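These are the residues of each chain, in order.
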Amino acid sequence: MHTEIRFDQQDQMLPFLISPVDEGFDEVFQSLSSRPGIQIIDRLESQVGELVKAQNASKTFTKGELEDEVARFFELNPREQYGNWVFYPWRNMLIKILPEEDFIRVRTQRNNYKITPEEQELLRGKKIGIIGLSVGQNIALVTALERSCGEMRLADFDTLELSNLNRIKAGVPDLGKPKTAIAAREISEIDPYLKLTIYNEGVTEENIDDFLTKGGHLDLLVDECDSLDIKILARERARHFGIPVMMETSDRGMVDIERFDEEADRPILHGYLGGVSRDSLKNLSNQQKVGVGLKITGLETLSPRMKASLLEIGESISTWPQLASAVFLGGASISHIGRRLLLGEPVKSGRYYVDLDQIIKIDQDSEFKIDSAPDIHSQDPRENLPKNVLPSSYFPTREELEHLVEQANMAPSGGNVQPWIWVYDQKGVLHLFHDQVRSHSMLDYLGTGSLIAFGAALENIRLAAAKSGIELDIIPQIKEFEEDCIASIRFIGKKSHSVPVAHAELADAIAIRATNRKNAKKERLPQEVIEDYLALAAEEGLFLDYKEEERDLDHLSKIIGQMDRLRLFHEQGLKDFVHEVRWTEKEAKETLDGIDIATLELSNTEKAAMGLLKDPRTIKFFKKFLMGYGLTKISHQTLMTSSAVFLLRGEEFTADYYLRAGIAMQRIWLKANLQGYSFQPVTACLFIFHKVQRDPDHGFSEKEAENILDLKKSFNSFFENNHHQQELFMFRINNAGEPSIRAYRREVNDSLIVL
């Protein structure tokens, strides 16, 4: 009879070693060797042959000589008593191997002298802990292969899924198995003498100190877990115990090192997370994790393909992508640098990159550069003053003039470029000119976007003058697109009271008018409010259509989202976008124009996604592979939270109709803001439609242009435009409260010239 050996789940992950010199060996060996289906493998002679060669490195043996040396070895070391048996429960194999010292010597002999024998012995006393066994599996594997430690602690709560097989060294038979088991078994089959401790539940608040210190403090902690709160917890406790931490991100080969053993007060993650608390990082969605993850990794340091991938999270992929090549490179990098750290070499805290694309210079070219300036020049307006205007009957004071121009400049403009120049001549006439340099953009096709801004500015000056008791006459000057002189304003007189004009009450809204991009719960507009807006458009001979049903807004969001995506595929369109956004508060205050990113009302993740567009390689990647659908998400949210979306149309595609559209738009905008409603233009797609339809040098590829024209057909059908009316402007109304911040305006004297 013999004692049957039973193995629990933990034992199934680790080998079972027995030695012929152990008490009770025969009984245990009999129990193991009689298991059903057991494979017993004894290739000890071959291993001893390698040991002989390792002990006599300067000598070359013939086959016969080596066999004689092995025989002599066993005369001195009786075979039955020499070596150990290792049982692998998961393989049901019993294998004889060299005793520990000889096994390690033979297995690591090819390390010499990349790792010296003295260093190998020093590493044998080191303890490494690895949290997270996706990237961590490869780090553990390389570390075990080089035997850069004598003990390894492995922690992961997860099991293997099919989607893991793009980067984890495992196979279909392993699906559903704990990742700890897969890693531990692989390491144990390489080196059964390497001490392994398994934490199948992963690292938690309850066991973190045990993981770091039980059986002796770790000499190095490697963090490759996905849980952001555990990342912080592990570092907090590692810093407490003076344990260095390393991490690899699987993008551009970034290795992160924190020498808490040398810097007891070092900020967690180099301080990149700021004051974010550990508790706030629990139970985050994937998109929320991305936002926090970008704080940790940094945005500018990501590879173009990773940037492109981030914009697809929540659209076509669910979380961060990883590739086996990057994961294996990370395993090699961490193992190499970690070994040097453990050997006492001067490894500094910081971030280091093993970026193969940069090293090999695979893709250094981009299709265009973001920082190129437009080759556009404006004519000096003082040389082009119109001569068809009589002198003013009233000459406003400098204070009055500046007030009126300031009120006019409060008008909205595409990208908040403020494309106006005001010239006050010696006849007391104020002229409005188009600053072509300031407004040059793909969306300002033929100056149509600027004309809407000019219409709004002229409406503002009309209202502000009437409120101040100043009578004036606005004389349109522009006849054709792209003419510089837009209008002239002749001052007629000054009264001691306000001048009664149409919609005078809207003057009070000039100062509060703002673009509000907040998304709030959808609320229907009262029908009488909609009727008011329709009437304001009709006064200027324009048509106003609207959509408010959820299914309609969803359909429209798909069109607008696709057009937003295609805009950024356009060389000039992307340049315009990057140049018009003010990416920091400092930049917004310095320029006093452009779109302050704070006014976009974006989440941290969305802000990060916007920042990715500053890298033209990201857009090049989207274009090449017809990606970028993640760019449509913000448009979808914008449309679906709208009370209604309105479309202004005119009979003709002329400068006059665009100027009228600006006047009507401003009246509706001011009235909506007075009523407490939020207003946001969503009109970029209209300018692109016109450009592609009318300009043979539109700058889109043939395939992109076809896509745009198909979207235009869908747009026409959606708004039932059967009368060939021209789309001029589109906007949404909702009830979102006050905007978080208002756009800045340039000083009056930056746009006003007094002759």
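A short tour of the structure in this document, coming up. On a predicted model such as this, the values are computed, not experimentally measured, just so you know.

Here we come to the overall build of the chain. Helix and strand content of the chain: 26 helices and 22 strands. Buried residues in the chain amount to 55% of all 755 residues. Sequence separation of 24 or more characterises 76% of the internal contacts of the chain that already satisfy a separation of 6 or more. Of the roughly 34000 Å² of accessible surface on the chain, a fraction of 49% belongs to carbon and sulfur atoms.

For the rest of this paragraph, the subject is the packing of helix 6 (residues 135-146) against helix 7 (residues 179-190). Their axes nearest at 10 Å, the elements helix 6 and helix 7 cross at an angle of 10 degrees. As judged from the angle between their axes, helix 6 and helix 7 are roughly parallel. Every pair of crossing elements has a handedness; the one defined by helix 6 and helix 7 is right-handed. Packed against helix 6, whose contacting residues are Gln 137, Ala 140, Leu 141, Ala 144 and Leu 145, the element helix 7 presents Ile 182, Ala 183, Glu 186, Ile 187 and Ile 190 at the interface. The class makeup of the residues in the contact of helix 6 with helix 7 is eight nonpolar, one polar and one charged.

Okay, the packing of aromatic side chains next. Under the criterion given, the structure shown has 20 aromatic pairs. With 5.4 Å between their ring centres and 65 degrees between their planes, Tyr 88 and Trp 90 make a pair best called edge-to-face. Positioned above the aromatic ring of Tyr 353 is the side chain of Arg 252, whose terminal nitrogen or guanidinium carbon lies 4.7 Å from the ring centre. Note that Lys 712 overlies the ring of Phe 689, its terminal NZ or CZ placed 5.9 Å from the centroid.

In this structure the tally under the stated criterion is two cavities of 30 Å³ or more. Estimated volume of the largest cavity: approximately 50 Å³. Along its surface, the largest cavity is lined by Ile 128, Ile 139, Thr 143, Ser 148, Leu 220, Val 222, Ile 334, Ser 335, Gly 338, Arg 339 and Leu 342. Among the secondary structure elements, those contributing two or more residues to the lining of the largest cavity are helix 6, strand 8 (220-223) and helix 12 (324-342). Per-element tally for the lining of the largest cavity: the top contributor is helix 12, with five residues. The class makeup of the residues in the lining of the largest cavity is six nonpolar, four polar and one charged. The space that makes up the second largest cavity amounts to roughly 30 Å³.

Here the bond from Asn 112 into Tyr 113 is cis, since omega is 0 degrees, no more than 30 degrees from zero. With respect to the element layout, Tyr 113 can be found in the loop between helix 4 (100-107) and helix 5 (117-123). Phi at Arg 252 takes a positive value of approximately 60 degrees, unusual for a residue other than glycine. Position of Arg 252 relative to the elements: it lies in the loop between strand 9 (245-248) and strand 10 (254-258). A relative accessible area of 25% means that Arg 252 is categorised as partly exposed. Within the chain, Leu 592 stands out as a residue other than glycine whose phi angle is a positive 60 degrees. Here Leu 592 lies in the loop between helix 20 (585-591) and strand 18 (595-596).

Right, let's get into the pattern of salt bridges. Taken as a whole, this structure holds 52 salt bridges when the rule is applied. The residue Lys 231 makes a salt bridge to Asp 223 at a minimum N-O spacing of 2.9 Å. Across the pair, exposure class does not vary: Lys 231 and Asp 223 are buried alike. Its salt-bridge partner being Glu 400, residue Lys 494 comes within 2.8 Å of it at the nearest N-O pair. Of this pair, Lys 494 sits in strand 15 (residues 485-494) while Glu 400 sits in helix 14 (residues 398-408), placing them 94 residues apart in sequence.

The next subject is the side chain of Asp 191. Along the chain, Asp 191 turns up in the loop between helix 7 and strand 7 (195-199). According to the relative accessible area criterion, Asp 191 is buried, its value standing at 0%. Side-chain polar atoms of Asp 191 contact the side chain of Arg 147, separated by 2.5 Å. Looking at Asp 191, its side chain comes within polar contact range of the main-chain nitrogen of Tyr 193, at 3.0 Å. Sequence-distant contacts of Asp 191, that is, excluding residues within four places in its chain, are made with Phe 103, Arg 107 and Arg 147.

An ideal rise of 1.5 Å per residue puts 18 Å on 13 residues; helix 17 (residues 527-539) measures up with 19 Å between its terminal C-alpha atoms. Listed in full, the buried residues belonging to helix 17 are Val 529, Ile 530, Tyr 533, Leu 536 and Ala 537. The buried residues of helix 17 occupy an angular sector of 120 degrees when the element is viewed end-on, so they sit on one face. On the buried face of helix 17, the contacting elements are strand 16 (543-547), strand 19 (644-650), helix 24 (655-674) and strand 21 (726-734).

On to the nonpolar core, then. Counting residues in hydrophobic clusters, the biggest one holds 95 residues, and the most contacted among them are Trp 422, Leu 430, Tyr 533 and Met 730. For Tyr 533, the contacting residues outside a window of four places in its chain are Leu 525, Leu 544, Phe 646, Ile 668, Lys 671, Ala 672, Gln 675, Tyr 677 and Ile 733. Cys 149, Met 152, Ile 198 and Leu 343 belong to the second largest nonpolar core, which has 33 residues in total.

A few words on a nonpolar patch on the surface. On the surface, Leu 162, Val 172 and Leu 175 cluster together into a nonpolar patch covering about 290 Å² of accessible area. Along the chain, Val 172 turns up in the loop between strand 6 (151-155) and helix 7.

Let's shift gears to the sheet that holds strand 22 (residues 752-754). Here we have five strands laid out as an open sheet, ordered 14-15-13-12-22, and mixed in their pairing. What marks the edges here is a single partner per strand, and that holds for strand 14 (470-476) and strand 22. Within the sheet, the average angular offset between the axes of one strand and its neighbour, ignoring direction, is 20 degrees. Sheet topology places strand 14 next to strand 15; seven bridges connect them, and they run antiparallel. Within the sheet, the bridge partner assigned to Glu 471 lies in strand 15 and is Gly 493. Each of strand 12 (420-424), strand 13 (429-434), strand 14, strand 15 and strand 22 is contacted by helix 14, which is oriented at about 155 degrees to strand 22, the strand it contacts most.

Spatially, the seven strands line up as an open sheet ordered 7-6-5-8-9-10-11, and their pairing is mixed. Of all the strands in the sheet, the pair left with one neighbour each is strand 7 and strand 11 (350-353). Strand-to-strand twist across the sheet, computed as the mean angle between neighbouring axes with direction ignored, equals 20 degrees. Taken together, the two bridges between strand 8 and strand 9 define a ladder with parallel strand orientation. Residue Leu 221 lies in a different strand from strand 9, and its bridge partner there is Val 245. Contacting strand 5 (127-131), strand 8, strand 9 and strand 10, helix 12 crosses the sheet at an angle of about 160 degrees to strand 9.

This brings us to the packing of helix 2 (residues 44-55) against helix 4. Where helix 2 meets helix 4, the closest approach of the two axes is 9 Å, and the angle between their N-to-C directions is 70 degrees. For the element pair helix 2 / helix 4, the angle class is roughly perpendicular. When you trace helix 2 past helix 4, the crossing you get is left-handed. Contacts between helix 2 and helix 4 pair Glu 50, Leu 51, Ala 54 and Gln 55 from the former with Asp 102, Arg 105 and Val 106 from the latter. Taken together, the residues that form the contact of helix 2 with helix 4 break down as three nonpolar, one polar and three charged.

Reading the values: rules and limits
Per chain, residues are indexed from 1 in the order of the written sequence. In view of the model being predicted, local features appear only for residues whose pLDDT reaches at least 70, and side-chain atom pairs are presented and counted only at 80 or more, with totals across whole chains, interfaces and linings using the full set of residues. Calculated side-chain values reflect all of the structure's heavy atoms, with hydrogen atoms and water omitted. A run of H or I in DSSP counts as a helix once it spans at least four residues, and a run of E counts as a strand once it spans at least two, with each numbered from the N terminus. Type-normalised accessible area, obtained with a 1.4 Å probe on protein chains alone, sets the label of each residue: buried when under 20%, exposed when over 50%, and partly exposed for intermediate values. In this analysis, two residues are considered to be in contact whenever any of their non-hydrogen atoms come within 4.5 Å of each other. For every accessible area listed, the method is Shrake-Rupley and the probe measures 1.4 Å; residues are considered covered only by the protein chains on display. All axes here are fitted lines through C-alpha atoms, helices being fitted over the stretch that makes contact, and every angle between N-to-C directions spans 0 to 180 degrees. Throughout this description, any angle smaller than 35 degrees is read as roughly parallel, any larger than 145 degrees as roughly antiparallel, any in the 65 to 115 degree range as roughly perpendicular, and the remainder as oblique. Crossings are classed by handedness, with left-handed meaning an anticlockwise turn of the near helix from the far one by less than a right angle and right-handed meaning a clockwise turn. Under the scheme applied, nonpolar residues are Ala, Val, Leu, Ile, Met, Phe, Trp, Tyr, Cys and Pro; charged residues are Asp, Glu, Lys and Arg; polar residues are all the others, including Gly. Stacked, edge-to-face and tilted are the three classes for Phe, Tyr and Trp ring pairs, Trp counted by its six-membered ring, which pair at centre distances within 6.5 Å; planes under 30 degrees apart are stacked, over 60 edge-to-face, the rest tilted. We call a charge positioned above a ring when the Lys NZ or Arg CZ atom is no farther than 6 Å from the ring centre and deviates by at most 35 degrees from the ring normal. A cavity here means a set of points on a 1 Å grid, drawn over the protein atoms and nothing else, where a 1.4 Å probe fits but cannot get out; a pocket is an open set with protein on both sides within 12 Å along at least five of seven lines, and a residue lines either one if it has an atom within 4 Å of a point. Grid points are joined across faces, edges and corners, and a volume is the space filled by probe spheres set on the points. When a carboxyl oxygen of Asp or Glu is within 4 Å of a side-chain nitrogen of Lys or Arg, the pair counts as a salt bridge. Side-chain atoms alone can form a polar contact between residues adjacent in sequence; in general such a contact is a pair of N or O atoms within 3.5 Å, and within protein one must be able to donate a hydrogen while the other accepts it. For a helix, the expected span equals 1.5 Å multiplied by the number of residues minus one. For this quantity, the arc is that covered by the directions from the helix axis to the C-beta atoms. As used here, the term nonpolar core means buried Ala, Val, Leu, Ile, Met, Phe, Trp, Tyr and Cys residues forming a set that is joined through side-chain atoms within 4.5 Å. Patch membership needs two things, relative accessible area over 30% and no salt bridge, and members are linked within 9 Å if like-charged or within 5 Å if nonpolar (Val, Leu, Ile, Met, Phe, Trp, Tyr). In this analysis, strands are considered paired if DSSP registers two or more bridges between them.

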